[in-house]
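# Chains, contacts and geometry: an overview
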Amino acid sequence: GCQVKWWTLTDTNETHPDENNNSNTNVSTPSSPSESSLLSELVTDRTRIVAVSHASNILGGIRDIASVCSFVHAATNGYGRVVVDGVAAAPHWLSKSVFLDGTTSPDWYVVSLHKMYGPHLGCLLGKRDAAAELSPATSISTSSSSSSSRKDVAATTLEIYKSWELGTANYEACAGACALEEYFRILSNHVSVGERSHSDWQPTNERTGESSIDDDYRQREAVPPTEGNGEVSSTVDAARTWIRTVEDRLIRRLLGYLRNCAPDVRIIEDVKEMKITPTQHSNVENTRLPIVSFVHARIPSRDIVQHCRKNGIICRSCKFLSTERLWRELSIEDEGVVRFSLAHYNTLDEVDRTIRALESLDDWTML
């Protein structure tokens, strides 16, 4: 059988009841813990799968996937597979390093394209050897070379595809996925990286960029078509740089305001106890998604959300697919957290309007 271990947010060895029954899920011993905030205490040479999220859709932190992959692949002698849930991170932080072969990239990466401004279509990216390893149609033989830690997989691309694409493809969604390249090209045209200052990339008017997306779309025929993966990669990189710059400016404004509301407002975020090794933090330092989750000392989260919606501001209050484990670790007593999710098409004016709506709540501050 297999043993499931938990990489926890906080440094705790407490025993918690299983969420489906009354048995204890933590059967850890000092020499082999089943949960720890230190990944190096959990991974051994017998570890075969390490499943992690690229970012938290509640905490906003972005995990250092390259360092996680490097550690896991080394600790397992190359036999451990790293599976990354990129749904929350990909719209804001997806890097081409995810797609590179080598020890610093994941073996599997999962995204939802509707989170990336595309159609409702799931996308599973995998390294060739990882995909072939799970494909029954492939021919797998053990390598005789002592320098190779993985199995030598001999399979054609067509054999691998046939093992995974068993049904009829969703052609409409696939066509929409292809259109994402055009959308990223439109975004990249907002700025030529290196030629204009960051402060020019998002004015404080009603639009995120200087020209509307509709205007750019009407001018798309003037954009030369991309040729080859190199130019596509350059286009995506430029779009991502623009997205990150715009979103960083937005979240800094909102996050800065909420921090000044302490102790009335508690921001739910990384407590910096989750590490890969004792000296290596799990997250990329000084970076976060353009989301912020919080609870208020006196106002229930659902009341804050209801007030915001009456003021034309979209937000939500719930647990956002997290488990009771996270709620216990962070000692969150409310039935849900308030979460604001920002994107590159939002504006500073909208953030300021959100702040004004919060300040109009009765009992928002003690002053």
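Residues numbered from 1 in each chain as written. Predicted model: local features only at pLDDT ≥ 70, side-chain atom pairs only at ≥ 80, totals over all residues. Heavy atoms only, no water.

### Looking at unusual backbone geometry
Most peptide bonds take the trans configuration, and most residues that are not glycine carry a negative phi. Put simply, the rule reads: Numbering of helices and strands runs from the N terminus, with a helix taken as a DSSP run of H or I at least four residues long and a strand as a DSSP run of E at least two residues long. When a residue's accessible area, from a 1.4 Å probe over protein chains only, is under 20% of the maximum for its type it is buried; when over 50% it is exposed; and in between it is partly exposed.
Note that the residue after Ala262, namely Pro263, is joined by a cis bond; omega there is 5°. Along the chain, Pro263 falls in the loop between helix H8 (228-260) and strand S10 (265-268). Even without a glycine there, the phi angle at Asn77 is positive, about 55°. Mapped onto the elements of the fold, Asn77 is located in the loop between helix H1 (65-75) and strand S5 (81-85). Judged by relative accessible area, Asn77 falls into the partly exposed class, the value being 48%. Its identity as a non-glycine residue notwithstanding, Asp363 has a phi of 70°, on the positive side. On the secondary structure map, Asp363 appears in the segment after helix H11 (348-359).

### Focus on the environment of Met366
Rules: In what follows, a contact means two residues having at least one pair of non-hydrogen atoms within 4.5 Å.
Looking at the secondary structure, you find Met366 in the segment after H11. Classification of Met366 as exposed rests on a relative accessible area of 58%. Residues contacting Met366, with those up to four places away along its chain left out, are Asp264 and Arg298.

### A word on H11
The condition that has to hold: Given a helix with a known number of residues, its expected span is that number minus one, times 1.5 Å.
The terminal C-alpha atoms of H11 lie 17 Å apart, and with twelve residues this matches the ideal 16 Å at 1.5 Å per residue to within 8%. Within the span of H11, buried status applies to Leu348, Val351, Thr354, Ile355, Ala357 and Leu358.

### Here's the deal with H1
Taken as a whole, H1 has its buried residues at Ile65, Ser67, Val68, Cys69, Phe71, Val72 and His73. Structurally, H1 contributes buried residues whose contacts are with strand S1 (6-7), strand S3 (49-53), strand S4 (61-63), S5, strand S11 (275-277) and strand S12 (280-281). Following H1 by one or two positions, Asn77 has its phi on the positive side, about 55°.

### Describing a nonpolar patch on the surface
For clarity, the cut-off: Distance thresholds for patches are 9 Å for like charges and 5 Å for nonpolar side chains (Val, Leu, Ile, Met, Phe, Trp, Tyr), applied to residues having over 30% relative accessible area and no salt bridge. Using a 1.4 Å probe, accessible areas were evaluated by the Shrake-Rupley method; residue-level cover was limited to the displayed protein chains. When a carboxyl oxygen of Asp or Glu is within 4 Å of a side-chain nitrogen of Lys or Arg, the pair counts as a salt bridge.
A cluster of nonpolar side chains, namely Val110, Leu124, Leu134 and Trp164, defines an oily patch on the protein surface of about 360 Å² accessible area. Structurally, Val110 can be placed in strand S6 (residues 108-112).

### Considerations on the packing of helix H5 (residues 171-178) against helix H6 (residues 180-188)
Helix packing for two helices is described by the angle between their axes and how far apart those axes are. We count it as follows: Here an axis means a line fitted to C-alpha atoms, over the contact stretch when the element is a helix, while the angle between two N-to-C directions is reported on a 0 to 180 degree scale. Throughout this description, any angle smaller than 35 degrees is read as roughly parallel, any larger than 145 degrees as roughly antiparallel, any in the 65 to 115 degree range as roughly perpendicular, and the remainder as oblique. We call Asp, Glu, Lys and Arg charged. Ala, Val, Leu, Ile, Met, Phe, Trp, Tyr, Cys and Pro are nonpolar, and the rest, Gly among them, are polar.
Across the interface, H5 lies against H6 with an axial gap of 4 Å and an inter-helix angle of 25°. Taken together, the axes of H5 and H6 are roughly parallel relative to one another. Across the interface between the two elements, Gly176, Ala177 and Cys178 of H5 pack against Leu180, Glu181 and Glu182 of H6. Residues that form the contact of H5 with H6 fall into these classes: three nonpolar, one polar and two charged.

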